[in-house]
Amino acid sequence: MREMKRGRAIAESSSTSPKRKLTRRNSSEDLHPYMSSSSSALNEELQCSICLDVFTDPVTTPCGHNFCKTCLNECWKNTQNCSCPFCKETFSKRPDLKINTTLRELVQHFEKKFNLDKSEVLCDICDERKQKAVKSCLMCQSSYCETHLEPHRRVPRLKKHKLMDAVENLEDYICQKHERPLELFCRDDQTCVCLFCTEGDHKTHNTVPIEDESAEKKNQLVKTQTDVRQMIQNRTKKIQDIQHSVEMRKRNTEEEKSHSVELFTTLIRSIERCQTEVVEMLEEKQKAAEKQAEDLIKELEQEITELKRRNSELEQISHTEDHLHLLQIDPSLYSPKNSKNWTEISIDTHVSVDTLNTALTRLKDALNQKLGQTVLRRMQQYAVDVTLDPDTAHPYLILSDDGKQVTCGDIEQKLPDKPERFDRCVSVLGKKGFSSGRFYFEVQVKGKTEWDLGVVRESINRKGSITPTPVNGFWTVILRNENEYKACEDPSVSLCVRMKPQKVGVFVDYEEGLVSFYDVESSSHIYSFTGQPFTQTLFPYFSPCPNDEGKNSTPLIITPVSYH
């Protein structure tokens, strides 16, 4: 409906387009001659489709349509589901309406120009109280009110005169040299001329009826208006994108703050727990040392008591005069009983450094585990549903019906040789690509002796031999010979893993240029490609590698992400 109204407005303005010289005289005449005739079309573009009036505080909906802020709020006043009154697109939540300042300035500029142009033209014939003129005659060079226009509607000779909507400065529409109406447009000199001009200075020039040139200019104007509207919509959309990015950044910042607090809280608890363990260990060793000292003292006191008793006996015997009794004394009394060599026994006063080293090692392992778990848990929040794309699969590959498993068979299947299909490497891609944000998926590699995993850019070579390096669009980690892990850099990087991964997690941050691989079960980091200049869509990449006569027949399995 609005396009029909716009077309009608342009058609109506074409039929009444004034002919005037393309010169500027003063501020009230600084519009092009066809501007007044197209003002209704421009006015149409600056109208709210709800109140059908020029915008007041215009706002733009997410779908790109514009309305008065008050009108739109009134439409959404008593409804829970907000939708665009023009295209009926429904929004999941009520948009936060902000004034479209660019469109508001355009409205203000239009109103200013329009008000200057629509100054009232008075009848040239009225003697006393001047009436408003409705038409101007280019032949008579006068403007007439409805009453004085009557002869031009009745008299045959006057009916042939050229009438137009009443305008000021009627002389601008008359050739100053020949005093004839400006009916033609000279495209060579870009100026309006009369019929007599084409017999003189403009005789060999390209001239067309002024209506034709005006129509062409209006078409250009309409195109320009369309371009301007598109620019407004593009910039409005850009504002919304920037606002959305700020909101996303704010939300991500809050998440990062929350994760950081959680991480450091976990680390502090681990340190406190380790500190408690160290203190308890030291206290246990101290108690053991005190118990050892207590036992040694007790033993020494017993020996002292025994020695004192023997010394007393020896004291008594040494004073006897009974020679026979002296000779009958037990010979052992003459030589003290052998006891411990107490000179070699002592209590260690130094605390063993091994205790602290053991504690620090345990703390390091605990922190690494906690850190790995925390990082992995954050990555897993960006889990996506990955399904294998059969159109990319090498003919030897066998995909499960649900698109979650792939293994390499022994028989080449007869499949159409599509441009996206691998024909040499036994590889397959995920169906869905990613060109922004973060995403994460997990793949079970248990029981395999060889595999390739990672992401690739959309434009990779899929025919013939392939060198999987970042410069060729591959960001992958591979297993060869059952226990040789490598990152496919240029040159490749050998990887040392603490234990054989059973499930590998792949994380991508597109904007950061990051691709990371994790051992899911141990929550440990395997390898990361950093600072990569991503410019194309990225797709998950899988290769189960040849089955090696059944030794590597176990499938790669895309598994649901379970949070650890």
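Residues numbered from 1 in each chain as written. Predicted model: local features only at pLDDT ≥ 70, side-chain atom pairs only at ≥ 80, totals over all residues. Heavy atoms only, no water.

## Regarding the environment of Thr 236
As for its position among the elements, Thr 236 is in helix 7 (residues 210-317). Linking Thr 236 and Asn 100, residues 136 residues apart in sequence, is a C-alpha distance of 7.4 Å. Once you skip the residues sitting within four places of it in the chain, Thr 236 turns out to touch Thr 60 and Asn 100. Side-chain polar atoms of Thr 236 contact the side chain of Asn 100, separated by 3.1 Å. (Helix = DSSP H or I, 4+ residues; strand = E, 2+ residues; numbered from the N terminus. Contact = heavy atoms within 4.5 Å. Polar contact = N/O pair within 3.5 Å; in protein donor to acceptor, adjacent residues only side chain to side chain.)

## Concerning the nonpolar core
Core analysis: the largest hydrophobic core is formed by 36 residues, its most contacted members being Trp 451, Val 515 and Phe 542. Excluding anything up to four places from it in sequence, Trp 451 contacts Val 445, Val 477, Ile 478, Leu 479, Arg 480, Tyr 485, Val 504, Ser 543, Cys 545 and Leu 556. Core analysis: the next-biggest nonpolar cluster, separate from the first, contains 18 residues, Phe 55, Phe 67, Cys 71 and Ile 232 among them. (Core = buried A, V, L, I, M, F, W, Y, C linked by side-chain atoms within 4.5 Å. Buried < 20%, exposed > 50% of the residue type's maximum accessible area, 1.4 Å probe, protein only.)

## What about the sheet that holds strand 13 (residues 451-457)?
Overall, antiparallel pairing links the six strands, which are arranged 11-20-13-14-15-16 in an open sheet. The open sheet has two free edges, formed respectively by strand 11 (428-429) and strand 16 (493-495), since each of these has just one partner strand. Judged from the three bridges that link them, strand 15 (residues 484-487) and strand 16 form a sheet pairing that is antiparallel. Residue pairing for strand 16: Tyr 485 is matched across the bridge by Leu 495. (Pairing = 2+ DSSP bridges.)

## Overview of the environment of Tyr 440
By secondary structure assignment, the location of Tyr 440 is in strand 12 (residues 438-444). The spatial distance from the C-alpha of Tyr 440 to the C-alpha of Val 384 is 6.0 Å, given a sequence separation of 56 residues. Contact partners of Tyr 440, with chain neighbours within four places excluded, come to Leu 376, Met 379, Gln 380, Tyr 382, Ala 383, Val 384, Gly 505, Val 506, Phe 507, Val 520 and Val 561. Engagement of the side chain of Tyr 440 in a polar contact is seen with the side chain of Glu 442, the distance being 2.6 Å.

## Side note on the confidence of the model for the protein chain
Model confidence for the protein chain is summarised by a mean pLDDT of 83, while 86% of its residues fall at 70 or above. Taken together, the stretch residues 1-38 has pLDDT below 50 and engages in 74 contacts with residues farther than four places along the chain or on a different chain. (pLDDT = per-residue confidence, 0-100.)

## As for the sheet that holds strand 7 (residues 191-193)
By definition, the strands of a sheet pair up through backbone hydrogen bonds, in either a parallel or an antiparallel sense. Here we have three strands laid out as an open sheet, ordered 7-6-8, and antiparallel in their pairing. Across the chains shown, the open sheet's two edge strands, defined by having one partner strand only, are strand 7 and strand 8 (207-209). Taking each pair of neighbouring strands and ignoring which way they run, the sheet shows an average axis angle of 35°. Sheet topology places strand 6 (residues 184-186) next to strand 8; three bridges connect them, and they run antiparallel. Within strand 8, the position partnered with Phe 185 by the bridge is Val 208. Across the sheet, helix 7 lies against strand 6, strand 7 and strand 8, angled at about 85° from strand 8, the strand it touches most. (Axes fitted to C-alpha atoms, helices over the stretch in contact; angles between N-to-C directions.)

## Quick word on the packing of aromatic side chains
This model, assessed by the stated rule, comprises eleven aromatic pairs. For the ring pair Tyr 510 and Phe 534, a centre distance of 5.5 Å and an interplane angle of 40° mean the geometry is tilted. You can see Tyr 510 sitting in the loop between strand 17 (503-509) and strand 18 (514-519) and its partner Phe 534 sitting in the loop between strand 19 (524-529) and strand 20 (538-543), a full 24 residues away along the chain. Accessibility classification places Tyr 510 together with Phe 534 in one group, the buried group. Between Tyr 527 and Phe 529, the aromatic rings sit 5.2 Å apart at their centres with planes inclined by 80°, giving edge-to-face as the arrangement. Neither Tyr 527 nor Phe 529 differs from the other in exposure class; each is buried. Put simply, the rings of Phe 422, Phe 474 and Tyr 541 pair up and form one aromatic cluster. (Phe/Tyr/Trp six-rings, centres within 6.5 Å; stacked < 30°, edge-to-face > 60°.)

## Considerations on the side chain of Asp 389
Checked against the element boundaries, Asp 389 lands in the loop between helix 9 (353-380) and strand 9 (397-399). As a buried residue without a salt bridge, Asp 389 has its nearest oppositely charged side chain in Lys 431, at a separation of 5.8 Å. In contact with Asp 389, other than residues within four places in its own chain, are Leu 399, Val 428, Leu 429, Gly 430 and Lys 431. (Lys, Arg positive; Asp, Glu negative; His and termini not counted. Salt bridge = Lys/Arg side-chain N within 4 Å of Asp/Glu carboxyl O.)

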